[in-house]
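Secondary and tertiary structure notes
Listed below, chain by chain, are the residues.
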Amino acid sequence: GLAGLPAMWKLAARRREIDRAYRLPTAKVVTHRHLGELIARRFGQLSRFVPYGLPDGVFTPPESRPGGTPTVLVVGPTDVGWKRIPDALEAVRRLKQLLPVRLVRVAQHPMRDAERAAGVTDEYHTMLAPPQLAELYRAADVLLCSSDETEGFGLPVLEAMACGLPCVVTDIPAFRTFASPADYARFVPVGDPARMAAAVAELLESPAERE
């Protein structure tokens, strides 16, 4: 309706500002190769690739993972549209109809009313230091990331993999190009909570594949 027009106009103006900034003849550094390809294609400029790094000795695998009810970890703010956290919440809601699972959430902000109303989050953390976040990765059974194609990098996936945590991620450039071959995660379509739930369920029911 017309009520949404001011927000849409503001977003379009913001995108024009971003485009103008990228067109400036400045040095550009990217943390993912697909971002450099995007800058070259859209703005005709070169960039320097600097791989993302993790702090030494923080994101490391556990000696063993705790037993009990399987835990699905979802990291990211609900306030950032491209993270598509509602998709992940819906996937876990569907998953809970099939299996006993716990959902642990991490975000930079307190839990929002919409997530509280969904009633699927069992544990919620905000503003964690890297060592605290690493402990959650080591205690979980699967990481679920539901971002869309505008995701630039997806640091939680890198952190989770460093902790030896199996990942179910959307099939987007930010996740597909971590390495070749792309055999380090289960890939699912963007915006498909049913497929996300199925992929997580398959991993939870297959200890050998998770390993």
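Predicted model, so just to flag it, every value in this text is computed and none were measured. Once a new chain begins, its residue numbering starts again from 1 and follows that chain's sequence as written. For a predicted model such as this one, the threshold for reporting local features is a pLDDT of at least 70, and the threshold for listing and counting side-chain atom pairs is 80 or more; totals across whole chains, interfaces and linings nevertheless cover every residue. Side-chain figures throughout are based on the complete set of non-hydrogen atoms in the structure, without hydrogens or water.

1. Considering the overall build of the chain
- Within the chain one finds 9 helices and 8 strands.
- Relative to its length of 211 residues, the chain is compact, with a C-alpha radius of gyration of 18 Å against a globular reference of 17 Å.
- Looking at the chain as a whole, 39% of its 211 residues qualify as buried.
- Note on contacts: a residue pair qualifies if any of its non-hydrogen atoms lie within 4.5 Å across the two residues. Here the analysis covers contacts within the chain between residues at least 6 apart in sequence; of these, 57% occur between residues at least 24 apart.
- Averaging the coordinates of the 26 positive side-chain charges in the chain and doing the same for the 25 negative ones gives two points 8 Å apart. Numbering of helices and strands starts at the N terminus; helices are DSSP runs of H or I of at least 4 residues and strands are runs of E of at least 2. A radius of gyration in this sense is built from C-alpha atoms; the matching globule rule multiplies 2.2 Å by the number of residues raised to 0.38. Think of it in three bands: residues with accessible area under 20% of the maximum for their type are buried, residues over 50% are exposed, and the middle band is partly exposed, with areas taken using a 1.4 Å probe on protein chains only. Lys and Arg are tallied as positive, Asp and Glu as negative. Neither His nor the chain termini are counted. Taken as the charge centre is NZ of Lys, CZ of Arg, CG of Asp or CD of Glu, depending on the residue.

2. Some points on the side chain of Asp 141
- By the element assignment, Asp 141 lies in the loop between α5 (130-139) and β6 (142-145).
- Here the side chain of Asp 141 touches Thr 71 through a polar contact of 2.8 Å, landing on its backbone nitrogen.
- Not counting the four nearest positions on each side in its chain, Asp 141 is found in contact with Thr 69, Pro 70, Thr 71, Leu 165, Pro 166, Leu 204 and Arg 210. In the analysis that follows, any N or O atom pair within 3.5 Å is treated as a polar contact, provided that within protein one partner can donate a hydrogen and the other can accept it, and provided that, for residues neighboring in sequence, both atoms belong to side chains.

3. What about the sheet that holds strand β4 (residues 102-107)?
- Judged by pairing direction, the sheet is parallel, and its 6 strands sit side by side in the order β5-β4-β3-β6-β7-β8 without closing on themselves. Across the chains shown, the open sheet's two edge strands, defined by having one partner strand only, are β5 (123-126) and β8 (186-188). Looking at each pair of strands side by side, their axes are set apart by 20 degrees on average, direction ignored. One bridge is not enough; two strands pair if DSSP finds at least two bridges between them. Axes here mean lines fitted to C-alpha atoms, for a helix over just the part in contact, with angles spanning 0 to 180 degrees between N-to-C directions.

4. Points about the packing of aromatic side chains
- In this analysis, rings of Phe, Tyr and Trp, with Trp reduced to its six-membered ring, are considered paired at centre separations within 6.5 Å, and the interplanar angle assigns stacked below 30 degrees, edge-to-face beyond 60, and tilted for intermediate values. Scanning the entire structure with this criterion turns up 6 aromatic pairs.
- Joined through ring pairs, the aromatic side chains of Tyr 52, Phe 153, Phe 178, Tyr 184 and Phe 187 make up one cluster.
- A cation over a ring is seen here: Arg 16 above Trp 9, with NZ or CZ 5.6 Å from the ring centre.
- If you follow Arg 176 out to its NZ or CZ, it ends over the ring of Phe 187, 3.9 Å from the centre. Here, a charge over a ring is recorded when the distance from Lys NZ or Arg CZ to the ring centre is within 6 Å and its angle to the ring normal is within 35 degrees.

5. Points about the nonpolar core
- Ranked by size, the top nonpolar core spans 25 residues in total, and within it Leu 73, Tyr 137, Leu 143, Val 169 and Phe 175 carry the most contacts.
- Of all the secondary-structure elements, those providing two or more residues to this core are β3 (71-75), β4, α5, β6, α6 (155-162), β7 (167-170) and α7 (173-176).
- In terms of residue count, α5 provides more of this core than any other element does, 4 residues in total.
- Among residues more than four places away in sequence, those in contact with Leu 73 are Val 104, Val 106, Leu 136, Tyr 137, Ala 140, Val 142, Leu 143, Leu 144 and Leu 165.
- Residues Val 92, Val 120, Ala 197 and Leu 204 belong to the second largest nonpolar core, which totals 23 residues. What is meant by a nonpolar core is a set of buried Ala, Val, Leu, Ile, Met, Phe, Trp, Tyr and Cys residues, joined one to another through side-chain atoms within 4.5 Å.

6. Observations concerning the pairing of β4
- In terms of burial, β4 is largely enclosed, as 5 of its 6 residues are buried.
- Sheet topology note: the β3/β4 ladder contains 5 bridges and is parallel. Along β4, the bridge assignment pairs Val 74 with Arg 105.
- When the strands point away from the viewer and the path from the first strand over the helix to the second turns clockwise, the crossover is right-handed. Running through helix α3 (residues 85-96), the crossover from β3 to the neighbouring parallel element β4 is right-handed.
- Of the pairings in the sheet, the one linking β4 to β5 comprises 4 bridges and is parallel in character.

7. Focus: unusual backbone geometry
- For the peptide bond that leads from Ser 180 to Pro 181, omega is 0 degrees, which places it in the cis range.
- Structurally, Pro 181 can be placed in the loop between α7 and β8.
- One non-glycine residue, Arg 84, lies in the positive phi region at around 50 degrees.
- Position of Arg 84 relative to the elements: it lies in the loop between β3 and α3.
- A relative accessible area of 29% means that Arg 84 is categorised as partly exposed.
- The phi dihedral of Met 127 falls on the positive side, at around 55 degrees, and the residue is not glycine.
- Judged by its relative accessible area of 61%, Met 127 is exposed.

8. Describing α3
- Here a helix's expected span is defined as the number of its residues, less one, multiplied by 1.5 Å. Between its first and last C-alpha, α3 extends 17 Å over 12 residues, near the 16 Å set by a 1.5 Å rise per residue.
- Among the residues of α3, those classed as buried are Ile 85, Asp 87, Ala 88, Leu 89, Ala 91, Val 92 and Leu 95.
- The inward-facing, buried residues of α3 contact β3, β4, α4 (113-118), β6 and α8 (193-204).

This is a description of form; function is not addressed.
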